[in-house]
Amino acid sequence: MALYVVQLRFDLADTDRRLEVRPAHREYLTELKEAGKLVAAGPFPDQTGALLIYDVADEAELRDILAKDPYTPADVYEIATLSEWEPLFPIG
């Protein structure tokens, strides 16, 4: 397994659409957390984006997970960063 950090950037002009889809997005994240695929997630206080940490087999699995996120077909974000991550200190 590998840890990946994803930073999303939200389109502030599309905030209403993002907020409309957010309950489904958060339900999906909850399912990923329960399945052990999502380590941490949350928006930035200024609502310009979010940071998510995934524990997946590889980048292909991560991209599949992102494709199934309700935010993706709603087109309310762009990926600012997607990088494999090697934490210096353990999470948890």
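The preceding data block contains the structure.
The written sequence of each chain sets the order in which its residues are numbered from 1. This being a predicted model, a pLDDT of at least 70 is required before a residue's local features are given, and a value of 80 or more before pairs of side-chain atoms are given or counted; all residues contribute to the totals for chains, interfaces and linings. As a rule here, side-chain values come from all non-hydrogen atoms in the structure, and water together with hydrogens is ignored.

Let's talk about the side chain of Asp69
Link 1 in the chain: Mapped onto the elements of the fold, Asp69 is located in the loop between helix 2 (59–68) and helix 3 (71–74).
Link 2 in the chain: There is no salt bridge for the buried Asp69, and the closest opposite charge comes from Arg26, which lies 10 Å off by N-O distance.
Link 3 in the chain: We define a polar contact as two N or O atoms separated by no more than 3.5 Å, with the added condition that, inside protein, one atom must be a possible hydrogen donor and the other a possible acceptor, whereas residues neighbouring each other in sequence contribute only through side-chain atom pairs. Engagement of the side chain of Asp69 in a polar contact is seen with the side chain of His25, the distance being 2.8 Å.
Link 4 in the chain: With near-sequence residues (within four places) excluded, Asp69 lies in contact with His25, Tyr28 and Leu29. Secondary structure elements follow DSSP: runs of H or I of four or more residues count as helices, runs of E of two or more count as strands, with numbering from the N terminus. Exposure classes here rest on a 1.4 Å probe applied to the protein chains alone. A residue is buried below 20% of its type maximum, exposed above 50%, and partly exposed in between. For the purpose of charge, His is not counted, nor are the chain termini; Lys and Arg are scored as positive and Asp and Glu as negative. The term salt bridge refers to a pairing of a side-chain nitrogen on Lys or Arg with a carboxyl oxygen on Asp or Glu at a separation within 4 Å. In what follows, a contact means two residues having at least one pair of non-hydrogen atoms within 4.5 Å.

So, unusual backbone geometry
Link 1 in the chain: Residues other than glycine seldom take positive phi values, yet Gln47 does so here, at roughly 60°.
Link 2 in the chain: Considering the arrangement of structural elements, one finds Gln47 in the loop between strand 2 (38–43) and strand 3 (49–56).
Link 3 in the chain: Residue class for Gln47 comes out partly exposed when judged on its relative accessible area of 28%.
Link 4 in the chain: The phi dihedral of Asp75 falls on the positive side, at around 55°, and the residue is not glycine.
Link 5 in the chain: Residue placement: Asp75 occurs in the loop between helix 3 and strand 4 (77–85).

Quick look at the nonpolar core
Link 1 in the chain: The set of buried Ala, Val, Leu, Ile, Met, Phe, Trp, Tyr and Cys residues whose side-chain atoms join them within 4.5 Å is what this entry labels a nonpolar core. Ranked by internal contacts, the top residues of the largest apolar core, which has 22 residues, are Leu32, Leu52, Tyr54 and Leu62.
Link 2 in the chain: For this core, the secondary structure elements donating two or more residues are strand 1 (2–10), helix 1 (15–34), strand 3, helix 2, helix 3 and strand 4.
Link 3 in the chain: Once you skip the residues sitting within four places of it in the chain, Leu32 turns out to touch Lys37, Leu38, Tyr54 and Ile65.

A look at helix 2
Link 1 in the chain: The complete set of buried residues in helix 2 reads Leu62, Ile65 and Leu66. Along helix 2, the residues classed as buried sweep out an arc of 100° about the axis, all on the same side. Among the exposed residues of helix 2, those oriented more than 90 degrees off its buried face are Ala60 and Lys68.
Link 2 in the chain: Residues of helix 2 that are buried sit in contact with strand 1, helix 1, strand 3, helix 3 and strand 4.
Link 3 in the chain: Between the side-chain oxygen at the start of helix 2 and the backbone nitrogen of Ala60 there is a gap of 3.2 Å, and the oxygen is on Asp58. To be clear, the arc concerns the directions from the helix axis to the C-beta atoms.

Brief notes about the environment of Tyr71
Link 1 in the chain: Locating Tyr71 in the fold gives a position in helix 3.
Link 2 in the chain: C-alpha of Tyr71 to C-alpha of Leu88: the two residues are 17 residues apart in sequence and 31 Å apart in space.
Link 3 in the chain: Sequence-distant contacts of Tyr71, that is, excluding residues within four places in its chain, are made with Phe10, Arg18, Val21, Arg22, His25, Val76 and Tyr77.

A closer look at the pattern of salt bridges
Link 1 in the chain: Taken as a whole and assessed by the stated rule, the structure comprises five salt bridges.
Link 2 in the chain: Between Arg9 and Glu78 there is a salt bridge; the shortest N-O distance is 3.3 Å. Here the residue Arg9 occupies a position in strand 1, and Glu78 occupies one in strand 4, the gap between them amounting to 69 residues.
Link 3 in the chain: The class for Arg9 is partly exposed, based on a relative accessible area of 41%.
Link 4 in the chain: Salt-bridge contacts for Arg17 lead to Glu20; the nearest nitrogen and oxygen are separated by 2.7 Å. Of this pair, Arg17 and Glu20 are both found in helix 1, three residues apart, which corresponds to roughly one turn of the helix.
Link 5 in the chain: The partly exposed category is assigned to Arg17, whose relative accessible area is 32%.

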